[in-house]
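As a plain string of letters, each chain reads:
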Amino acid sequence: LREWKSISRTKNTDGNLKNGTERSTAKSTNGGRCYEVKQSTVNRTIGNRFEDDLCELLAGYGWWAHNMAQNQVGQPADVIAVKNDIAVLIDCKVCANDRFALSRIECNQEGAMTVWEARGNSHCYFAMKLTDESIYMVHFDDLNLLDSVGTKTITDFSRYMTLEEWVNYMEGNG
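Residues numbered from 1 in each chain as written. Predicted model: local features only at pLDDT ≥ 70, side-chain atom pairs only at ≥ 80, totals over all residues. Heavy atoms only, no water.

### Re the overall build of the protein chain
Okay, so step 1: Along its length, the protein chain carries five helices and 10 strands.
Okay, so step 2: The buried share among the 174 residues of the protein chain stands at 34%. (Helix = DSSP H or I, 4+ residues; strand = E, 2+ residues; numbered from the N terminus. Buried < 20%, exposed > 50% of the residue type's maximum accessible area, 1.4 Å probe, protein only.)

See the structure below:
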C-alpha cells in the first residue's frame, strides 16, 4: 500500500508519472520511488531471448549453433551456425511492428558480414521474428540490394524463406 501511495503522488492527471513514463512501464525500487525501464533494456532482453530461442531451434534441426553473447564493444553478429561444412553468420532482429527498417543494420554487422563473404563464406543472414512468432531468413545480399535501390523498410516478408524453408534449402532439400 505504501508503494501505491508513492506512485499515485507522482502521477499527472493523464495517469502517467511526472517524468512522462507510462505507469505500466515503471518499476518501483527502494522506498517506492519509480524509475523508467529504458526501452533499450527491454529491446535488448527481447533480442537476447530471440537469439537463445533461435539457437535452440537450429539445434533441433541438427545444427551446431552458438550465441555470440553481447559484450562491451559489441559483436559482429548474434549467432554462428554450422552443419555439413556450411557455416552461417546470423544476426537476429525482432520486428515489433512486422516491419524491418534497413537502418537497423549496424555498421559492425555490415562490416562483419562483408568480411565474412570476402573470405569465401557466402551465408550471411538476418533472422527476423515477426509478431506472430514466425521467423524469416533474409540474406544479407538481399538487404544490400534493397538498400541500393532506395528501399528503406521491409514490410512484406512473404518473399523470404521461413526458418523451416531455409533449413530445408540449406540442407539441399528445398
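That shown, we press on.
### A look at the sheet that holds strand 4 (residues 79-83)
Strand pairs in the sheet, formed through backbone hydrogen bonds, run parallel or antiparallel to each other.
Okay, so step 1: Strand order in the open sheet formed by six strands is 3-4-5-7-8-10, with mixed pairing between adjacent strands. In the strand order of this sheet, the two ends are held by strand 3 (64-67) and strand 10 (161-162), each with one partner.
Okay, so step 2: The sheet contact formed by strand 7 (residues 124-129) and strand 8 (residues 135-139) spans five bridges and is antiparallel. What sits directly across from tyrosine 125, in strand 8, is histidine 139.
Okay, so step 3: Here helix 4 (residues 140-148) sits on the sheet in contact with strand 7 and strand 8, set at roughly 70° to strand 8. (Pairing = 2+ DSSP bridges. Contact = heavy atoms within 4.5 Å. Axes fitted to C-alpha atoms, helices over the stretch in contact; angles between N-to-C directions.)

### Structural notes on the pattern of salt bridges
Okay, so step 1: Evaluation of the coordinates by the stated rule reveals four salt bridges.
Okay, so step 2: With its nearest N and O atoms 3.5 Å apart, the salt bridge here joins aspartate 156 to arginine 159.
Okay, so step 3: Classification of aspartate 156 as partly exposed rests on a relative accessible area of 34%.
Okay, so step 4: Judged by relative accessible area, which is 59%, arginine 159 ranks as exposed. (Salt bridge = Lys/Arg side-chain N within 4 Å of Asp/Glu carboxyl O.)

### Here's the deal with unusual backbone geometry
Okay, so step 1: The backbone of asparagine 84 sits at a positive phi, close to 50°, despite the residue not being glycine.
Okay, so step 2: For asparagine 84, the location among the structural elements is in the loop between strand 4 and strand 5 (86-94).
Okay, so step 3: You can call asparagine 84 exposed: its relative accessible area is 58%.
Okay, so step 4: For aspartate 98, which is not glycine, the phi torsion reads 55° and is therefore positive.
Okay, so step 5: Relative accessible area serves as the criterion here: at 27%, aspartate 98 is assigned to the partly exposed category.

### Some words on the packing of aromatic side chains
By convention here, two paired aromatic rings are described through the distance between centres and the angle between planes.
Okay, so step 1: In total, this model carries four aromatic pairs according to the counting rule given.
Okay, so step 2: Judged by centre distance (6.3 Å) and plane angle (45°), the ring pair of phenylalanine 100 and phenylalanine 126 falls under tilted. You can see phenylalanine 100 sitting in strand 6 (residues 100-101) and its partner phenylalanine 126 sitting in strand 7, a full 26 residues away along the chain.
Okay, so step 3: The exposure class assigned to phenylalanine 126 is buried, which follows from its relative accessible area of 0%.
Okay, so step 4: Judged by centre distance (5.8 Å) and plane angle (35°), the rings of tyrosine 136 and phenylalanine 157 are tilted. Of this pair, tyrosine 136 sits in strand 8 while phenylalanine 157 sits in the loop between strand 9 (153-154) and strand 10, and the two are 21 residues apart along the sequence. (Phe/Tyr/Trp six-rings, centres within 6.5 Å; stacked < 30°, edge-to-face > 60°.)

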